[in-house]
Amino acid sequence: MRLLLDTHAFIWWFSGDSRLSIPARQTIADDSNNILISAAAAWEIATKHRLDKLPSAGALALDISGAIAGQNFEELPMTVEHAARAGALPGPHRDPFDRMLIA
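What counts, and at which threshold
Residues numbered from 1 in each chain as written. Predicted model: local features only at pLDDT ≥ 70, side-chain atom pairs only at ≥ 80, totals over all residues. Heavy atoms only, no water. Helix = DSSP H or I, 4+ residues; strand = E, 2+ residues; numbered from the N terminus. Rg over C-alpha atoms; globule rule 2.2 N^0.38 Å. Buried < 20%, exposed > 50% of the residue type's maximum accessible area, 1.4 Å probe, protein only. Contact = heavy atoms within 4.5 Å. Core = buried A, V, L, I, M, F, W, Y, C linked by side-chain atoms within 4.5 Å. Pairing = 2+ DSSP bridges. Axes fitted to C-alpha atoms, helices over the stretch in contact; angles between N-to-C directions.

Caption draft 1: Spotlight on the overall build of the protein chain. Helices and strands together make up the secondary structure of the protein chain, namely seven helices and three strands. Moving toward the C terminus, one meets the helices and strands of the protein chain in the order β-α-α-β-α-α-α-β-α-α. A compact globule built from 103 residues would reach a C-alpha radius of gyration of about 13 Å, and the protein chain, at 14 Å, matches this within 12%. Principal axes of the C-alpha set define a box for the protein chain whose edges measure 35 × 35 × 25 Å. Counting the 103 residues in the protein chain, one finds 32% classified as buried. Partitioning the intrachain contacts of the protein chain with sequence separation of at least 6 by distance along the chain shows that 60% fall at a separation of at least 24.

Caption draft 2: Highlighting the nonpolar core. Ranked by size, the top nonpolar core spans 19 residues in total, and within it L5, F10, I35, I37, I45 and F73 carry the most contacts. Contributing elements (two or more residues each) for this core: β1 (2-5), α1 (7-15), β2 (34-38), α3 (39-50), α4 (58-62) and α5 (64-70).

Caption draft 3: Spatial organisation of the pairing of β1. Of the two faces of β1, the one lined by L3 and L5 is fully buried and the one lined by R2 and L4 carries no buried residue. Direction of pairing for β1 relative to β2: parallel, over a ladder of four bridges. Looking at the pairing, L5 lines up with I37 of β2.

Caption draft 4: The sheet that holds strand β3 (residues 74-76), seen in detail. Here three strands make up an open sheet; going across it, the order is β1-β2-β3 and the pairing parallel. Of all strands in the sheet, those bounded by a partner on one side alone are β1 and β3. Shown here is a sheet whose adjacent strand axes are inclined to one another by a mean of 35°, direction ignored. Examined bridge by bridge, β2 and β3 share three bridges and lie parallel to one another. Residue pairing across strands places S38 opposite L76, the latter belonging to β3. The strands touched by α3 are β2 and β3; relative to β2, the strand with the most contacts, the crossing angle is about 50°.

So far we have only geometry, and geometry alone does not tell us how the molecule works.
Written out as structure tokens, the structure reads:
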């Protein structure tokens, strides 16, 4: 199964935070699953850490690619097409990071 982690799920997985549910932890830990981390999550982590909105994600923010590789997760790039889709999404989603993850 291919699973795209949202930003907080990735942060919670990386830090061992108990806010990540046991079923989610088991699914992420299952080696038969392909875990994807979007470039949008890296963008959000770096941006919010810089703005001091994610002070606990300092180690992750310093080497996001290394953290992804260290967990055997897969980087999911963003393209111009993703950006266009994110901008065109209908509905009330105001968070640009969530819109990119959806796209």
